[in-house]
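This is what each chain is made of:
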Amino acid sequence: MAANVYASATGGDSGADSARTRSGAGARTGGATIDCPDVGSKLTSVPEQAREEVDKELALLDEQIAQAYQRLSESAQQTQQDPGFADSAVVNPLKEKRAATLERIAIAIDRVGDRPEGLEALAACTVQDGNQAPAQGAGQDAGAGQQPGQGQADQGEQNGQGQGANGGQAGNGPVAADFADIKSVQPNVNTPRPEGNASRGSFATSCGVNENGLFNSDNVIVAPGVTNGAHHFHDYVGNQSNNAFASDQDLAKAETSCADQGDKSSYYWPVVRLQNGAQEQDAQKPGGGIEGNAGEIVTPKQVTLTFVGNPREKVTAMPRLLRIITGDAKSFVNGPANANASWSCTGFEDRQLKDKYPLCPQGSDVVRTFTFQSCWDGRNIDSANHRTHVAFADAAGNCPSGFRPIPQLVQRIVYDIDAPSLEDGGRTTPLFAVDSFPEQLHKPVTDHGDFINVFDEDLMGDMVDCINDGRKCGAGADGGQNPAPGEEPEEQPTKSPEAPQEEPTKSPEAPQEEPTKSPEAPQEQPTKTPDAPQNGDGGGKPGDTGDDGDDGAGTPGDKGEGDKGGDGKGEATEPPADKPEPGDASTAPGAPRPEVKATDQADGDADGQGGGAKDEGDDADGSIGDSQAVGTATSAAPTPSAPSRTEPQAVGQGGLADTGAQLWPAAAGAVLVIEGLVLLRRVRR
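As the structure is a prediction and not an experimental result, all values here were calculated from the model.

(A) Structural view of the nonpolar core. Judged by nonpolar contacts, the single largest core of 54 residues is most densely connected at Tyr 267 and Phe 307. In terms of residue count, the dominant contributor to this core is helix 9 (residues 457-468) (six residues).

If you want it as structure tokens, here you go:
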């Protein structure tokens with residue numbers, strides 16, 4: 001499995017000895033961990049000039065906690081023998097280091113702004129029982145989901161006690177208490193009902209499942225310029241240049257794994273690992289095995305990235321390079337105020353777990369969902385604590401005062417993972433867990449997701465229009481619907497049938513047999529012509545939508561790409577050389593390939609009208625219908641319409657049977673007159 005791993009800027013913790021302790025040699029009975037105040041969340045205002053220096057000092061605080069946790073894990077035996085050992089050997093030295101770092105943060109801010117007050121009070125840390133769950137309920141947006149989690153915690157606690165230590169491949173979690181049977185959870189998902197001026201549409205982008213294996217333990221949002229700033233590994237999809245040192249320019253010019261090349265956004269989240277003894281490439285590296293993140297990295301089975309609207313208002317475009325973090329990677333010790341984890345199973349997604357991993361029944365897959373903040377302050381693309389520039393809407397869907405609704409990103413990640421065997425600590429079927437900061441013990445409540453908006457501005461505009469118009473668009477939408485061409489195909493089918501409808505009104509001047517033959521081609525053509533536009537708006541024949549959608553989904557919002565799928569279908573279903581082109585012409589007016597075909601088709605049909613008399617009627621019908629489908633009906637239709645009015649005469653002159661049918665009564669009458677004259681002359685004689 002490929003990985004992007006950078007050498008750590010810090011030293012002293014990357015030796016083989018520390019790796020061995022991380023693999024379980026220093027496992028602690030009772031599972032203690034380090035609990036420190038989260039300084040970053042308290043710094044809500046940092047001058048821009050001091051932001052870089054402050055970010056690096058905050059990353060150093062995380063590194064200090066990781067080092068202290070490692071020393072605590074290595075001294076489990078001494079801690080059991082001497083209750084005061086942890087304070088003297090771990091906690092007090094940590095406090096001194098943190099105090100010095102906090103002072104440097106205060107000085108950096110004081111140089112360009114007002115010195116923050118009270119930072120020194122955040123230096124002290126404590127040792128916490130790792131099996132003690134953080135207080136539940138306060139500030140968590142779990143709703144009814146809180147109660148099932150609490151009940152399961154008590155049950156899991158009993159199961160976990162017999163396991164000893166902290167469990168997991170590296171000895172720092174997870175434990176049996178971290179899991180709950182999804183079938184024991186009551187439905188707890190409540191969605192506000194859209195009202196009034198709601199934006200009811202959705203836009204889905206398709207960016208793969210990180211099948212190319214792009215990982216690192218950086219976090220360019222929280223710790224820019226700091227290697228291993230996350231202390232755990234992330235999956236990355238979308239932007240392929242995201243690392244600690246990526247600038248805005250680097251992100252803007254990067255490659256993307258998204259089907260629509262207009263989406264270079266970065267979507268990333270902690271990897272999920274099986275605690276099965278596997279040694280990944282990061283087993284001896286910071287952020288990986290050295291910091292307790294061990295086991296086989298599981299590639300998602302499916303990743304869905306959907307942007308949805310607001311149940312009360314229309315949404316406005318996200319600003320380019322907007323950063324959003326949802327959830328709290330340190331919520332096990334910080335508490336649930338900013339936690340936003342959601343775990344479930346396919347078939348049970350009306351039941352969400354916040355602080356438990358789900359035990360899914362056979363045939364059901366593990367699902368983790370991130371519902372991002374959907375309100376923006378209208379000014380900032382980031383904030384000092386990376387939270388205050390965005391917010392969640394309330395239970396009714398209303399944004400806080402001063403905030404405006406933006407498209408809400410919902411990430412849904414599916415894993416083919418069997419329910420672990422808790423009775424034997426995962427020996428038969430391994431436990432699974434997300435990567436985490438080492439002191440967070442891989443608790444499910446620490447799950448989180450990160451997003452950086454690098455959408456092309458035009459595509460972002462298409463997204464907003466799609467959502468506000470109540471449509472379903474994007475490369476990842478069901479049926480491969482694209483917002484950009486979606487509007488054009490809606491008009492296109494109304495133009496395409498007009499030609500066949502006009503043709504029978506011009507043809508009736510011919511004998512009665514002719515109109516019955518002439519409409520045969522137009523009657524089939526209108527049903528085939530709309531096939532191509534279906535991948536744009538999802539309308540038309542149900543049988544065709546899926547095929548076109550799958551083909552068109554190969555590209556996301558790009559008109560030309562999306563229409564290619566439609567073209568392919570049109571050509572396959574209409575073998576004659578001149579019949580696929582009408583369908584292609586109506587695919588989407590903005591698509592280069594269909595436009596070229598439409599032009600060729602119109603010329604071809606004009607030539608075809610000069611062909612043999614047998615095919616003349618069919619060719620004339622096709623040329624009128626096709627020219628209107630291209631969107632040039634006013635200029636193309638009159639040309640074939642004039643010959644269509646003279647065609648009945650041409651057809652009548654060429655039919656010997658019709659001529660004989662009209663002359664034989666006169667001939668018979670003439671014969672009778674002649675015979676009468678002969679008889680009269682004979683009588684006179």
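(B) Spatial organisation of the sheet that holds strand 8 (residues 272-274). Taken together, three strands build an open sheet; the order of strands is 9-8-19 and the sheet is antiparallel. Lying at the two open borders of the sheet, with one neighbouring strand each, are strand 9 (296-297) and strand 19 (432-434). Bridging between strand 8 and strand 19 involves three bridges; their strand directions are antiparallel. Following the sheet pairing, Arg 273 is matched in strand 19 by Ala 433.

(C) Highlighting the environment of Lys 253. Mapped onto the elements of the fold, Lys 253 is located in the loop between helix 7 (248-252) and strand 7 (266-270). Spatially, the C-alpha atom of Lys 253 lies 9.9 Å from that of Gln 240, the residues being 13 residues apart in sequence.

(D) Seen up close, the confidence of the model for the chain. The share of residues in the chain with pLDDT of 70 or more is 62%, and the mean pLDDT across the chain is 72. Across residues 479-661, where pLDDT falls below 50, the model places 235 contacts with residues more than four positions away in sequence or in other chains.

(E) How the structure looks around a nonpolar patch on the surface. Taken together, the side chains of Val 673, Leu 677 and Leu 680 make up a nonpolar region of the molecular surface, amounting to roughly 270 Å² of accessible area. Within the secondary structure, Leu 680 is located in helix 22 (residues 656-684). Judged by its relative accessible area of 40%, Leu 680 falls in the partly exposed class.

(F) Main features of the sheet that holds strand 17 (residues 404-405). Judged by pairing direction, the sheet is antiparallel, and its three strands sit side by side in the order 16-15-17 without closing on themselves. A single partner strand is all that each edge strand has here, and the edge strands are strand 16 (390-391) and strand 17. In terms of strand pairing, strand 15 (residues 375-376) meets strand 17 through two bridges, oriented antiparallel. For Trp 376, the partnering residue across the bridge sits in strand 17 and is Arg 404.

(G) Inspection of the pairing of strand 11 (residues 323-327) at higher detail. Most of strand 11 sits inside the fold, with five of its five residues counted as buried. As judged from the five bridges shared by strand 11 and strand 20 (residues 448-452), these two strands associate in the antiparallel manner. Directly across from Thr 326, in strand 20, lies its bridge partner Gly 449.

(H) The packing of helix 3 (residues 51-74) against helix 5 (residues 85-112), seen in detail. Helix 5 packs onto helix 3 with a crossing angle of 180° between their chain directions and a minimal axis gap of 10 Å. Our classification of the angle between helix 3 and helix 5 gives roughly antiparallel. When grouped by side-chain class, the residues that make up the contact of helix 3 with helix 5 number 15 nonpolar, three polar and seven charged.

Cut-offs applied
- Residues numbered from 1 in each chain as written.
- Predicted model: local features only at pLDDT ≥ 70, side-chain atom pairs only at ≥ 80, totals over all residues.
- Heavy atoms only, no water.
- Core = buried A, V, L, I, M, F, W, Y, C linked by side-chain atoms within 4.5 Å.
- Buried < 20%, exposed > 50% of the residue type's maximum accessible area, 1.4 Å probe, protein only.
- Helix = DSSP H or I, 4+ residues; strand = E, 2+ residues; numbered from the N terminus.
- Pairing = 2+ DSSP bridges.
- pLDDT = per-residue confidence, 0-100.
- Contact = heavy atoms within 4.5 Å.
- Patch = residues over 30% accessible without salt bridge, like charges linked within 9 Å, V, L, I, M, F, W, Y side chains within 5 Å.
- Areas by Shrake-Rupley, 256 points an atom, 1.4 Å probe, with all protein chains shown as cover.
- Salt bridge = Lys/Arg side-chain N within 4 Å of Asp/Glu carboxyl O.
- Axes fitted to C-alpha atoms, helices over the stretch in contact; angles between N-to-C directions.
- Parallel < 35°, antiparallel > 145°, perpendicular 65-115°, else oblique.
- Nonpolar A, V, L, I, M, F, W, Y, C, P; charged D, E, K, R; others polar.

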